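# Tertiary structure, described
So the chains spell out like this:
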Amino acid sequence: MADIYRPVVADTAISFEFEPPDAAEMERRRAAALAFAPWLVFDDGGVLGYAYASRHRERAAYQWCVDVSVYVAQRHQRRGIGRGLYTSLLALLRLQRFYAAHAGVTLPNEASVRLHESFGFRRWWQLELRERSGPPTPVRTPAEAQTYSAWDAALHAGEAA
C-alpha cells in the first residue's frame, strides 16, 4: 500500500502530505481505521489497490459520517479496480448504518471527479448512504456489522462492478 500511495504524495498535491509514509506507518493507519470501518485491499498476486473509510470529524454529531478514499497502483488504473473497491466499501458502510460519505477530491482531477459522480457523489463530494428519517440509529462497528448475513454480499458487491 505504501508503494501505491508514495507517488500520490511525492508527485501530486492530492494527499496534502509532504512525506510519503512508509509501510509501517501505512499499517498503523490501516489498523486504526479497521476499528472504525472497513479497509479493503485488492490483491491479485500483489496489492493493486485499496479503499477505506475514516472519521469525517471528531464532534459527536458527525458520528454518522465518514470520509472515503480509494487508491489504485498507477499501472492498474482505469481497469475497474477502484470502482470495485468503492462498490464494496459503500455497501459495507451502509450496512454499518452510516448516513453520509465524503470524499476529498483535489481539483483538477477529472478521473476522480468522474468516479465519484458515477457513484452519486455531489459537490462538495458528499454521498447520502441512506435516507434520513426519524432519530438516527447507532452506527454498527465493523465487528457488529460482520455478524449480519448481508456482510458477505456487501463485501463481494464490487466483484461484479
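A brief structural summary. Sequence order as written defines residue numbering, which begins from 1 separately in each chain. For this predicted model, a pLDDT threshold of at least 70 governs which residues receive local features, and a threshold of 80 or more governs which side-chain atom pairs are given and counted, while totals over whole chains, interfaces and linings are taken from all residues. Hydrogens and water are ignored here; the side-chain numbers use all heavy atoms of the structure.

With that settled, the discussion passes to the layout of surface pockets. Vacant regions in the atomic arrangement are exposed by a probe of water-molecule size rolled over the atoms. The method works on a 1 Å grid over the protein atoms by themselves. A cavity is a set of points holding a 1.4 Å probe that cannot get out, a pocket is an open set with protein on both sides within 12 Å along at least five of seven lines, and residues with an atom within 4 Å of a point line them. Grid points are joined across faces, edges and corners, and a volume is the space filled by probe spheres set on the points. Taken as a whole, the largest pocket spans an internal volume of roughly 1,300 Å³. Helix and strand definitions follow DSSP, with helices as H or I runs of at least four residues and strands as E runs of at least two, each counted in order from the N terminus. Broken down by secondary-structure element, the contributors of at least two residues to the lining of the largest pocket are α1 (2-11), α2 (23-34), β2 (47-55), β3 (65-72), α3 (81-95), β4 (100-103) and α4 (110-118). Among the elements that make up the lining of the largest pocket, the one with the highest residue count is β3 (6 residues). Taken as a whole, the second largest pocket encloses approximately 240 Å³ of empty space. The wall of the second largest pocket is formed by L40, V41, F42, G80, I81, G84, L85, S88, L155, H156, G158 and E159. Secondary-structure elements contributing two or more residues to the lining of the second largest pocket are β1 (39-43) and α3. If you tally residues by element for the lining of the second largest pocket, the top one is α3, at 4 residues. Amino acids are sorted into nonpolar (Ala, Val, Leu, Ile, Met, Phe, Trp, Tyr, Cys and Pro), charged (Asp, Glu, Lys and Arg) and polar (every other residue, Gly among them). Considered class by class, the residues forming the lining of the second largest pocket number 6 nonpolar, 5 polar and 1 charged.

Strands sit in the order β1-β2-β3-β4-β5 across an open sheet of 5 strands; the sheet is mixed. Strands at the two margins of the open sheet, each flanked by one partner only, are β1 and β5 (126-128). Ignoring which end each strand starts from, the neighbouring axes of this sheet average 20 degrees apart. Criterion used throughout: strands pair if DSSP finds at least two bridges between them. Summarising the sheet, β2 and β3 pair through 7 bridges and their orientation is antiparallel. Pairing of S54 across the sheet is with D67, part of β3. Against the sheet, α2 contacts β1 and β2, and its axis sits at roughly 130 degrees relative to β1. For helices, the fitted line uses only the C-alpha atoms of the stretch in contact; every axis is such a line through C-alpha atoms, and the angle between N-to-C directions lies from 0 to 180 degrees. In what follows, residue pairs with any heavy atoms lying within 4.5 Å of each other are defined as contacts.

Here the focus is the packing of aromatic side chains. Paired rings are identified among Phe, Tyr and Trp, the last through its six-membered ring, by centres lying within 6.5 Å, and are further divided according to the angle between planes into stacked (under 30 degrees), edge-to-face (over 60) and tilted (the rest). All chains considered together, the criterion is met by 8 aromatic pairs. Ring centres of Y50 and Y52 lie 6.3 Å apart, and the angle between their planes is 15 degrees; on these two criteria the pair is classed as stacked. Each member of the pair, Y50 together with Y52, is buried. Between Y86 and F119, the aromatic rings sit 5.6 Å apart at their centres with planes inclined by 85 degrees, giving edge-to-face as the arrangement. Linking Y86 in helix α3 with F119 in the loop between α4 and β5, this pair joins segments that are 33 residues apart in sequence. An identical accessibility class is assigned to Y86 and F119; each is buried. Aromatic ring contacts, followed pair by pair, group Y5, W39, Y50, Y52 and Y71 into a single cluster. The rule for a charge over a ring is simple: NZ of Lys or CZ of Arg within 6 Å of the ring centre, and within 35 degrees of the ring normal. Above the ring of Y99, the side-chain terminus of R130 is found at 3.8 Å from the ring centroid. When the ring centre of Y148 is taken as reference, the NZ or CZ atom of R140 above it lies at 3.9 Å. Only protein chains enter the accessibility calculation, which uses a 1.4 Å probe; a residue is then buried when its area is under 20% of its type maximum, exposed when over 50%, and partly exposed in between.

Buried Ala, Val, Leu, Ile, Met, Phe, Trp, Tyr and Cys residues form a nonpolar core when they are joined through side-chain atoms within 4.5 Å. Core analysis: the biggest nonpolar cluster contains 32 residues, and V68, Y86, L93 and F121 have the highest contact counts within it. When contributions to this core are tallied by element, the ones reaching two or more residues are β2, β3, α3, β4, α4 and α6 (150-155). Ranked by residues supplied to this core, first place goes to α3 with 8 residues. In this view, L93 contacts A37, P38, A53, V66, V68, F98 and L129; residues no more than four positions away in its chain are not counted. By size, the runner-up hydrophobic cluster in this structure holds 12 residues, among which are V8, V9, A33 and A73.

Worth remembering: the numbers are spatial, not functional.
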